[in-house]
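The residues making up each chain are set out below.
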Amino acid sequence: MTRPALRLVEVGPRDGLQTAGAKVPTEAKVAFVDALSLSGLGEIETGAFVSPKAVPEMADSAEVFARIARAPGVLYSALVPNEKGLEAALKAKAGKIAVFTAASETFNKKNINASIAESIARFAPVVPAAKTAGLPVRAYISTAFFCPYEGKVAPEAVVEVVKRLEPMSVDEYSIGDTIGRAAPDDARRLLDALLKAVPSERIFLHFHDTYGMAVANALAAWQEFGVSGFDASTGGVGGCPYAPGASGNVAMEDLVFAFQASGGKTGVDLKALQAAAAGLAASLGRPLPSRLSRIRL
Ligand code: HMG
Ligand code: MG
């Protein structure tokens, strides 16, 4: 199996900070994104244009987008649930949008107050409008392995959602282990089914790390299936407000270290990630979950 160069998407400023408490100052978010922009990462999910009642932490996303120093070659993307969110993302000059649904009905209802079918209908007009505006579109499928309310999710349920989304011509899928419970055999089972429906170039895997399995999952996906797209969050911060008990995304430092130590090309500078994590830890006034963010390299 060839091992392609990695495509790493930083989701810390969105997924990482969406549960950090409403008091993370805008300037701290801007400083975090600016520090990440110096690390060699190609894409940074910078904010979410969602209801401020649902996720107050993301209410200042427009201001964050307005104040960041955009580095050439870096894509600054935004999470968008509906047309109102797209309007805000376009106004903020986001470089890409991400719509989101789930493979489990109960999680989707709690997260975005819609069934899977309703959520797809909601963003049906969003995808072509974003594409007309020249923006690439990612679709997240959450609870692809386990649902905090329904338990284990069958790979076929994820493939079914992909099949419903394919006619919309989304550019890529990000497959979420929202509660961070998947182990490598779960990843293998899902990829066995999923890669029959979508080529690996259009797949990103989005592992949270509650059970400490995320790096092992990512290595298995890359080494055994040739999947090269992964989401991670510098410092390992975060979680989902509608997935109780779920911890942060896999730390970007851990993924970069694991891939580089296994001969992978990431284009990312670990020391720059550590600097970004140190700045964030200082702003939050607490150490971050990632051990590697504190190890002297
Ligand atoms: P709703 O209540 O069903 O929708 O919420 P609504 O259209 O009736 O709107 C309710 C209120 O929100 C209205 O305001 C709207 O104007 C406002 P009010 O009249 O009450 O003052 N509103 C908005 N405001 C700003 N921007 C918008 C927007 N849309 C409506 N775009 C809705 C439905 C989807 C809006 C809501 O449930 C929501 O925003 N949910 C967001 C939930 C969220 O962000 N969750 C975390 C991200 S998902 C995640 O973390 C998983 C992921 O990381 C992958 C993984 O780990 O698996 C991606
Ligand atoms: Mg997530």
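Thresholds applied
- Residues numbered from 1 in each chain as written.
- Chains lettered and ligands numbered in written order.
- Predicted model: local features only at pLDDT ≥ 70, side-chain atom pairs only at ≥ 80, totals over all residues.
- Heavy atoms only, no water.
- Helix = DSSP H or I, 4+ residues; strand = E, 2+ residues; numbered from the N terminus.
- Buried < 20%, exposed > 50% of the residue type's maximum accessible area, 1.4 Å probe, protein only.
- Pairing = 2+ DSSP bridges.
- Right-handed = clockwise from strand over helix to strand, strands pointing away.
- Salt bridge = Lys/Arg side-chain N within 4 Å of Asp/Glu carboxyl O.
- Arc of directions from axis to C-beta.
- Contact = heavy atoms within 4.5 Å.
- Near = heavy atom within 4 Å.
- Polar contact = N/O pair within 3.5 Å; in protein donor to acceptor, adjacent residues only side chain to side chain.
- Areas by Shrake-Rupley, 256 points an atom, 1.4 Å probe, with all protein chains shown as cover.
- 1 Å grid on protein atoms, 1.4 Å probe; cavity = no way out; pocket = protein on both sides within 12 Å on 5 of 7 lines; lining within 4 Å.
- Sits in = over half its atoms within 2 Å of the grid points.
- Nonpolar A, V, L, I, M, F, W, Y, C, P; charged D, E, K, R; others polar.
- Axes fitted to C-alpha atoms, helices over the stretch in contact; angles between N-to-C directions.
- Points joined across faces, edges and corners; volume = space filled by probe spheres on them.
- Donors = N, O, S within 2.8 Å, 3.2 Å for Na, K, Ca; no water.

> Is there a simple way to explain unusual backbone geometry in this structure?
Phi is mostly negative for residues that are not glycine, and the peptide bonds are mostly trans. Even without being glycine, N113 reaches a positive phi, approximately 55 degrees. Mapped onto the secondary structure, N113 falls in the loop between α5 (105–112) and α6 (116–123). In this structure, T143 is a non-glycine residue whose phi angle is positive, near 45 degrees. Among the structural elements, T143 can be located in the loop between β5 (137–142) and β6 (146–147).

> What is the right way to look at the pairing of strand β10 (residues 229–232) in this model?
Every regular strand shows the same layout, with side chains that alternate between the two sheet faces. Side chains G229 and D231 of β10 all project onto a buried face; the interleaved residues F230 and A232 project onto the opposite face, where all are buried too. As paired elements, strand β1 (residues 7–10) and β10 share 4 bridges and run parallel to each other. Paired with R7 across the bridge in β10 is G229. Here 3 bridges tie strand β9 (residues 203–207) to β10, and the two strands are oriented parallel to one another. Looking at β10, one finds that L205 is bridged to F230. Regarding the hand of the β-α-β motif, the stretch spanning β9, helix α10 (residues 214–225) and β10 is right-handed.

> Hey, could you run me through the pattern of salt bridges in this one?
Any two side chains of opposite charge can pair, on the condition that their charged atoms come close. Across all of its chains, the model carries 14 salt bridges by this definition. Salt-bridge contacts for R14 lead to E45; the nearest nitrogen and oxygen are separated by 2.6 Å. Of this pair, R14 sits in helix α1 (residues 12–16) while E45 sits in strand β2 (residues 43–48); the two residues are 31 residues apart in sequence, bridging distant segments of the chain. Like R14, the residue E45 is buried in the burial classification.

> What's the story with helix α9 (residues 184–194) in this structure? I'm lost.
Given 3.6 residues per helical turn, the α-helix brings residues three or four places apart onto the same face. Listing the buried residues of α9 in full gives P184, D186, A187, L190, L191 and L194. Buried residues of α9 fall within an arc of 155 degrees about the axis and therefore sit on the same side. Buried residues in α9 make contact with β6, β7 (151–152), α8 (155–165), β8 (172–177), β9 and α10.

> When you look at the site of ligand 1 in this model, what are you seeing that I'm missing?
Surrounding ligand 1, one finds 27 residues, the nearest of these being Q18, K53, N113, S142 and T178. Within the side chain of K53, an N or O atom sits 2.6 Å from an oxygen atom of ligand 1. Residue H208 places a side-chain N or O atom 3.1 Å away from an oxygen atom belonging to ligand 1. Taking 1,100 Å² as the accessible area of ligand 1 by itself, protein coverage stands at 73%. When atoms are counted within 2 Å of each cavity's grid points, the one that captures over half of ligand 1 is the largest pocket. Where the shell around ligand 1 is concerned, the elements lending two or more residues are α1, α4 (83–91), α5 and β5. Residue composition of the shell around ligand 1, by class: 11 nonpolar, 11 polar and 5 charged.

> Explain the environment of L191 here, please?
Mapped onto the fold, L191 is located in helix α9. Residue L191 is classed as buried on the basis of its relative accessible area of 2%. Excluding anything up to four places from it in sequence, L191 contacts L205, A221, F225 and V227.

> When you look at the sheet that holds β8 in this model, what are you seeing that I'm missing?
Strand pairing within a sheet occurs via backbone hydrogen bonds; the two strands may be parallel or antiparallel. One closed barrel holds the 8 strands; their spatial order is β1-β2-β3-β4-β5-β8-β9-β10, and the pairing between them is parallel. If you compare each strand with its neighbour and ignore which way they point, the axes differ by 25 degrees on average. Relative to β2, helix α2 (residues 26–37) is tilted by about 165 degrees, and along the sheet it contacts β1, β2 and β3 (75–79).

> Would you explain the layout of surface pockets in this entry?
Once rolled over the atoms, a probe with the size of a water molecule shows which space is left empty. Taken as a whole, the largest pocket encloses approximately 670 Å³ of empty space. Lining the largest pocket we find 36 residues, and of these V50, S51, L79, P81 and F100 sit closest to its centre. Contributing elements (two or more residues each) for the lining of the largest pocket: α1, α3 (61–67), α4, α5 and β5. When its residues are assigned to classes, the lining of the largest pocket shows 20 nonpolar, 11 polar and 5 charged. Taken together, 13 residues line the second largest pocket, and the ones lying closest to its centre are D209, D254, P289, S290 and R291. Tallied by class, residues from the lining of the second largest pocket come to 5 nonpolar, 5 polar and 3 charged.

> How should the coordination of the magnesium ion (ligand 2) be read in this particular structure?
When a metal carries six donors in an octahedron, the ideal angles between them are 90 or 180 degrees, while four donors in a tetrahedron ideally lie at 109.5 degrees. Within the protein, the atoms that donate to the magnesium ion (ligand 2) are D15 (OD), H206 (NE2) and H208 (NE2), at distances of 2.0 to 2.3 Å. One chain supplies every donor for the magnesium ion (ligand 2), spaced along it as D-x190-H-x1-H. Highlighted residues: D15 in helix α1 and H206 in strand β9, separated in sequence by 191 residues. Assessed through its relative accessible area of 2%, D15 is described here as buried.

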